[in-house]
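# Descriptive structure summary
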Amino acid sequence: MASEQREKERLAKKEKKNKKRRIIIWAVIGAVVLVLLVMRVAEIDFSAVKDGSAFGVSDSQDSGFPYKLSSGSDRYFGSVGSDICVLEDSSYTVLDSSDADVKLSFEHGFSNPVIKTAGSYSLLYDQGGNSYRLDSDSENIYQEKTDNQLLCADVSDSGAVALATTSSDSLSTVYVYNKSLKQKFAYNVSDGYVTSVAVDSRGSRVAFAAVSSENARFKTVVYTMSIDDTTPRAQFEYIGSSVLELRFSSTDLFVVGSDFVSVIDSLKTEKQVYEQGSVGAVTYSFTSNGNLIYAYTAYSGSADNNISVVKPSGKVTEVVSTDSAVKDVTGNSSRVSILTAENVITYKISNSKVLAEYKVDDSYSSIQQISSDVYARRQAVVERLGSEQG
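Residues numbered from 1 in each chain as written. Predicted model: local features only at pLDDT ≥ 70, side-chain atom pairs only at ≥ 80, totals over all residues. Heavy atoms only, no water.

## As for the nonpolar core
Short version of the rule: Take the buried Ala, Val, Leu, Ile, Met, Phe, Trp, Tyr and Cys residues and link them wherever side-chain atoms come within 4.5 Å; each set so joined is a nonpolar core. Only protein chains enter the accessibility calculation, which uses a 1.4 Å probe. A residue is then buried if its area is under 20% of the maximum for its type, exposed if over 50%, and partly exposed in between. Each helix is a run of H or I in the DSSP string that is no shorter than four residues. Each strand is a run of E no shorter than two, and both are numbered from the N terminus. Only heavy atoms matter for contacts: two residues are in contact if any of them lie within 4.5 Å across the pair.
Grouped together as the largest cluster of nonpolar side chains are 31 residues, with contacts concentrated most on Tyr132, Leu163, Val174 and Phe208. At 5 residues, strand S10 (residues 150-155) tops the list of elements feeding residues into this core. Excluding residues that lie within four positions of it along the chain, Leu163 makes contacts with Leu123, Tyr132, Thr146, Leu150, Cys152, Ala153, Thr173, Val174, Tyr175 and Tyr177.

Structure, rendered in structure tokens:
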């Protein structure tokens, strides 16, 4: 009887410890999400809000655009391969970018859906839950569940998947699976909760950011590893700054922070593109050829938004500075498009020449460039603004 009582007490203590750990995890994640939300709100110039009429360039009805979505919820608007993808609260849709034909559509059933895309693959997961699925631009590859709660995830253009989950043995665990769902890597993280993870195109390199606190300030440490490693190759520490995203471009790793941008070369050497505290991130995106398009303010309280293109080498091309609040950026290897409350403007990267301009209003929330076409999300509508000239 005494042994049974001791076992009950042990289990009760373990459950209490696990409950405390879960509370801490979601407190940390909640704080990071709050930072991102504050940044998102700060992007919008509320003084520029106008009436709800649309002034965008319209396609003919024969093209299939504008395309009406099932709801106005705006979780994600981007591309998978050469197609448009849209994540809503209850559904996910892939549209052929040439004629708006539906290539893939389903109700996902996730309470907090988050998506990552790379090449022709999309990884949809339920953050805080344990369900995830890998899809191509036209079909489902697999659907799976984790034993513990999903914190964050990533997908490569080879279909390799990285997952970070809570853990009963440590604070977090990072896994890498190949496209056939064979586990290639597992690493327990004991000194922080993982808030961002990245896997390279071959599924052979992984990086993750773990958040903890030091002297009442957030501390984020980025770790880099090969899937054959048992310990990290290197680690990079950022005090008081949030890491918004990690993204591999070949062997180089972008670290996009709330107030800095770095590139880590070959998992070991950091190149500071914008030093910590020197900029304020407004919004950003990545091109299909691996460049970072970055909109930022140069100092706190600045009304100007600057847009640059950062190559994996760390080379920066400053494209344009605008006194309008930038809501979204997109582009490809030769051009950049920016969305404000009044217009969408496309610039040539090499000389900042204006290639196209489209009149919009503040109901437009996101844009995506595919080849020479710019697509826009406006509430429950997807529009193709038109092909650029020149």
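## Some details on the environment of Ser313
Test applied: Polar contact criterion, stated in full: a pair of N or O atoms within 3.5 Å, where within protein one must be able to donate a hydrogen and the other to accept it, and residues adjacent in sequence count only if both atoms are side-chain atoms.
Relative to the elements of secondary structure, Ser313 occurs in the loop between strand S24 (305-310) and strand S25 (316-322). Sequence separation of Ser313 and Leu253 is 60 residues, and the distance between their C-alpha atoms is 9.9 Å. A polar atom in the side chain of Ser313 sits 3.4 Å from the backbone nitrogen of Lys315.

## Quick notes on the sheet that holds strand S5 (residues 102-107)
Going by this rule: By definition, two strands form a pair when at least two bridges between them are found by DSSP. Structural elements are reduced to axes, namely lines fitted to C-alpha atoms, with helices fitted over the stretch in contact, and the angle between N-to-C directions of any two is expressed from 0 to 180 degrees.
The strand order S2-S3-S4-S5 describes an open sheet built from 4 strands, whose pairing is antiparallel. The open sheet terminates on both sides in strands that have one partner only, identified here as strand S2 (76-80) and S5. Each adjacent strand pair in this sheet contributes to an overall mean axis angle of 15°, direction not counted. By the bridge criterion, 5 bridges tie S2 to strand S3 (residues 83-87) in an arrangement that is antiparallel. By the bridge assignment for S3, Val80 is matched with Asp83.

## Concerning unusual backbone geometry
For the peptide bond that leads from Phe65 to Pro66, omega is 0°, which places it in the cis range. The topology assignment puts Pro66 in the loop between helix H1 (2-42) and strand S1 (67-68). Phi angles above zero are rare outside glycine, and Ser266 is one such case at about 55°. Inspection of the secondary structure assignment puts Ser266 in the loop between strand S20 (261-265) and strand S21 (269-274). By relative accessible area, which is 35% here, Ser266 ends up partly exposed. Phi at Gln379 takes a positive value of approximately 55°, unusual for a residue other than glycine. Here Gln379 is to be found in the loop between strand S31 (373-378) and strand S32 (381-387).

## Considering the packing of aromatic side chains
Going by this rule: Pairing of aromatic rings covers Phe, Tyr and the six-membered ring of Trp, with a centre-to-centre limit of 6.5 Å; geometry is then stacked below 30 degrees between planes, edge-to-face above 60, and tilted otherwise. Counting as a charge over the ring demands two things of the Lys NZ or Arg CZ atom: a distance within 6 Å of the ring centre and an angle within 35 degrees of the ring normal.
A complete count under the given rule lists 13 aromatic pairs for this structure. With a centroid separation of 5.9 Å and 40° between ring planes, the pair formed by Tyr187 and Phe208 is classed as tilted. Linking Tyr187 in strand S13 (residues 183-189) with Phe208 in strand S15 (residues 205-214), this pair joins segments that are 21 residues apart in sequence. Judged by relative accessible area, which is 1%, Phe208 ranks as buried. What links up through ring pairs into an aromatic cluster is the set Phe185, Tyr187, Phe208 and Tyr223. Over the face of the ring belonging to Phe106 we find Arg133, whose NZ or CZ atom lies 3.5 Å from the ring centre.

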